[in-house]
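Commentary on secondary and tertiary structure
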Amino acid sequence: MNNRVVYWNGGLQPEAVNLLSAGGGMIVCPTKVGYIIMTSDAKGLERKFDAKQRNRNKPGVVLCGSLAQLKELAQLNPEIEAVYQQHWDKDVLLGCILPWKEEAVARIPDDGSKDLMMDRRQTSCFVIKFGTPGENLAKELWENYGKFSFASSANPSGKGNRGLVEGIGERIEQHADLIIAANDYVKSIQPNESEKTRYEQGVMVAMVDENGKLVPEQKGERSITPCPVLIRKGLDVDKIMSMMSDIFTTWDYRHGNYY
C-alpha cells in the first residue's frame, strides 16, 4: 500500500475534507458495502472516469449527509419523502433515482459537472445512510463548503472490491489523492457473509418514469402507474421491500433494469 493510505479515525477525516473542499480532489472512502471513489466537482469526476476507464451513461450518484440536503437537491413527493424518512430512522442504505430541483441545478458549478453527474433525463441516484465515514464527509462538505459529494464504486470496471481496500485495483490506488482504509468497518456491516455471499452494492429504486418525471402519488389506491421500480438489489433488500410495501400499494421489481 502507498503512503496516501490513512486508517479511518472513527469520525470526520480532516485530510479528506481538505482535498475535496479544495476542488479537483478524488479520494477512496469506505461504505457499508465496500469502497467508493468520492469527488466533489467536474475535475474530480473526470479523474474518476479516467481512473475507472469507464463509460459515462450510468446515473450519477449523489451522496446526501442529511435529509435536509436531500430535500434541497431532489424533487420528492410526500410518499417518497416518507420512504427516505423510514430508511433514515432505521439506518438503512437507500438510493433512489430522482429528478433534480431546478433551483438545485442552478447551484451545480458551471464547470461541466452537470453532464457527468446526471443521465440524459437529468436524474441522479440520491443516496442516504451509506456508512459513517462518507456520511460525515458529505455532511461537512455540503454544510460548511457548499460542495456536492459524488460517488462511484472503487473497483476496476466489472470487478468488485470485495469490501477490502486491497481490492480497489492498482489503477485507482495510483490515481487517488487519499485512501481511507476501514476493512473492519465494512466487515462489521455484514459480519456473517463471505466474500462470495456479501452484497457489494446498495439497493437502487427508480422513482421516475422513462422520461425522468417523478412517479405519481398513489394515496393508497391500487394499480397506479408508472410506479416505483426496484432496479438493483443489494444490502438490506428485504427490509427495503418491506418498507416500500408499507407505503406503496404498487411497485415493480426489475433487477438490472438500467436505462
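As the structure is a prediction and not an experimental result, all values here were calculated from the model.

What to know about the packing of helix 1 (residues 14-22) against helix 7 (residues 132-145)
- Two elements in contact, helix 1 and helix 7, have axes separated by 10 Å at closest approach and are oriented at 50°. When the axis of helix 1 is compared with that of helix 7, the two are oblique. Judged by the twist between their axes, the crossing of helix 1 over helix 7 is right-handed. Side by side, helix 1 and helix 7 meet where Ala16, Val17, Leu20 and Ser21 of the first sit next to Leu137, Glu140, Leu141 and Tyr145 of the second.
- Its residues placed into classes, the contact of helix 1 with helix 7 shows 6 nonpolar, 1 polar and 1 charged.

Brief notes about the pattern of salt bridges
- Counted according to the given criterion, the structure contains 12 salt bridges.
- Here glutamate 195 makes a salt bridge to arginine 162, at a shortest N to O gap of 3.3 Å. You can see glutamate 195 sitting in the loop between helix 9 (183-189) and strand 9 (204-206) and its partner arginine 162 sitting in the loop between strand 7 (150-153) and helix 8 (170-175), a full 33 residues away along the chain.
- Notably, a salt bridge pairs arginine 254 with aspartate 252, separated by 3.0 Å at the nearest N-O pair.
- Judged by relative accessible area, aspartate 252 falls into the partly exposed class, the value being 24%.
- A single salt-bridge network, built from bridges that share partners, covers Lys32, Asp91, Lys129 and Glu135.

Section: the pairing of strand 7
- Sheet topology note: the strand 3 (residues 35-39)/strand 7 ladder contains 4 bridges and is antiparallel. Bridge pairing links isoleucine 36 to serine 153 in strand 7.
- Bridging between strand 4 (residues 60-63) and strand 7 involves 2 bridges; their strand directions are antiparallel. Residue pairing for strand 7: valine 61 is matched across the bridge by alanine 151.

Re helix 7
- An ideal rise of 1.5 Å per residue puts 20 Å on 14 residues; helix 7 measures up with 19 Å between its terminal C-alpha atoms.
- Burial in helix 7 covers these residues: Pro133, Gly134, Glu135, Leu137, Ala138, Glu140, Leu141 and Trp142.
- In the stretch just after helix 7, glycine 146 is the one whose phi turns positive, near 65°.

Section: unusual backbone geometry
- Residue proline 226 is bonded to the preceding threonine 225 through a cis peptide linkage, with omega at -5°.
- In this structure, arginine 162 takes a positive phi of about 60° despite not being glycine.
- Of note, the phi angle at lysine 219 is positive, near 50°, even though the residue is not glycine.
- Mapped onto the elements, lysine 219 comes out in the loop between strand 9 and strand 10 (229-232).
- Looking at lysine 219, the relative accessible area reads 64%, which means it is exposed.

Rules of the game
Residues numbered from 1 in each chain as written. Predicted model: local features only at pLDDT ≥ 70, side-chain atom pairs only at ≥ 80, totals over all residues. Heavy atoms only, no water. Axes fitted to C-alpha atoms, helices over the stretch in contact; angles between N-to-C directions. Helix = DSSP H or I, 4+ residues; strand = E, 2+ residues; numbered from the N terminus. Parallel < 35°, antiparallel > 145°, perpendicular 65-115°, else oblique. Left-handed = near helix turned anticlockwise from the far one by under 90°. Contact = heavy atoms within 4.5 Å. Nonpolar A, V, L, I, M, F, W, Y, C, P; charged D, E, K, R; others polar. Salt bridge = Lys/Arg side-chain N within 4 Å of Asp/Glu carboxyl O. Buried < 20%, exposed > 50% of the residue type's maximum accessible area, 1.4 Å probe, protein only. Pairing = 2+ DSSP bridges. Expected span 1.5 Å × (residues − 1).

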